[in-house]
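Secondary and tertiary structure notes
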Amino acid sequence: MKTVIIATKNKGKAKEFESLFSAKGYEVKTLLDVPDAPDVEETGTTFEENAILKAEAIAHQLGHFVIADDSGLIVDALEGRPGVYSARYAGEAKSDEANTEKVLRELEGVPKEARTARFYCALALASPNQETITVSGTMEGLITEQPSGTNGFGYDPIFFVEEQGKTNAELTKEEKNQISHRANALRALDEKLDLFLKREEGM
Ligand SMILES: O=P(O)(O)OP(=O)(O)OP(=O)(O)OC[C@H]1O[C@@H](n2cnc3c(O)ncnc32)[C@H](O)[C@@H]1O
Ligand SMILES: [Mg+2]
């Protein structure tokens, strides 16, 4: 089986990549399988910059091509926050509950029609041998007034998808993986991935 390494320490992302890639016939490894993987500082001002920072640092460290994901929630009424700070919005402890509570608190009193938001996912594919490739994907939704659902991770319990009439955390893994920002970014990577892997094999 072909293997891809995803440069992430986030369990929720790791699970999603596992099901998205197993459908393509790939086995997924993540930094959760690499005991001494370095913590790459996310100093970029865009999702793309941070994805490139993570992918290139880990590709260099492992001497192997990797994919990194930098993603987050963009809330219109909060001028785009939490944005690139999504993981640590309520502090360095990186608590999903504290982060979602902070967003809900900041949106108190904001009417439904003004609670528009989107998830954004930038993927960077990097190798010690080739130029880095980046792609992105989004998904549109509304921020709820309280959390609902237990599937998924991060901000999923407060992200309502109108077409499904459910929060991301009420969707099954399979349903979310059809429509998520991560799935859309992976679709954009698809054609480029094959060519990249062919070049990698020729090296
Ligand atoms: O950097 P890595 O190790 O990949 O893990 P991380 O959790 O720090 O990941 P990011 O820096 O990309 O921060 C993204 C945050 O955005 C949120 N997020 C991203 N994708 C999401 C999704 O599909 N559903 C819910 N929340 C998501 C979630 O809170 C993540 O912690
Ligand atoms: Mg991170």
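Here is what the cut-offs are and how they apply
- Every chain is numbered independently, its residues counted from 1 as its sequence is written.
- The lettering of chains begins at A and the numbering of ligands begins at 1, in the order of writing.
- Confidence filtering applies because this is a predicted model: local features only for residues at pLDDT of at least 70, side-chain atom pairs given and counted only at 80 or more, and all residues used for totals across whole chains, interfaces and linings.
- Side-chain figures throughout are based on the complete set of non-hydrogen atoms in the structure, without hydrogens or water.
- UniProt positions are given in the numbering used here, feature names are shortened, and annotations may be inferred rather than shown by experiment.
- In the sections that follow, a salt bridge refers to a side-chain nitrogen of Lys or Arg positioned within 4 Å of a carboxyl oxygen of Asp or Glu.
- Think of it this way: any DSSP run of H or I at least four residues long counts as a helix, any run of E at least two long counts as a strand, and we number them from the N terminus.
- Per-residue accessibility, obtained with a 1.4 Å probe over protein chains only, is compared with the maximum for each type, and a residue is labelled buried under 20%, exposed over 50%, and partly exposed between these values.

The name that an unreviewed UniProt entry assigns to the protein is dITP/XTP pyrophosphatase, with the source organism given as Peribacillus simplex. Quoted straight from UniProt, the Sequence similarities (unreviewed entry) entry for the protein says "Belongs to the HAM1 NTPase family."

Things to note about the pattern of salt bridges
Within this structure, the stated rule accounts for 13 salt bridges. Lys 176 is paired through a salt bridge with Glu 16; the nearest N and O atoms lie 2.6 Å apart. Of this pair, Lys 176 sits in helix 4 (residues 173-179) while Glu 16 sits in helix 1 (residues 11-22), and the two are 160 residues apart along the sequence. Per residue, the accessibility class of Lys 176 equals that of Glu 16, and both read buried. Linking Lys 176 and Asp 156 is a salt bridge whose minimum nitrogen-to-oxygen distance equals 2.8 Å. Remark: Asp 156 occurs in the loop between strand 5 (130-143) and strand 6 (159-161) and Lys 176 occurs in helix 4; sequence separation between them is 20 residues. Across the pair, exposure class does not vary: Lys 176 and Asp 156 are buried alike. Each of the salt bridges in this network shares a partner with another, and the network as a whole consists of Lys 13, Glu 16, Asp 69, Asp 156, Lys 176 and Arg 182.

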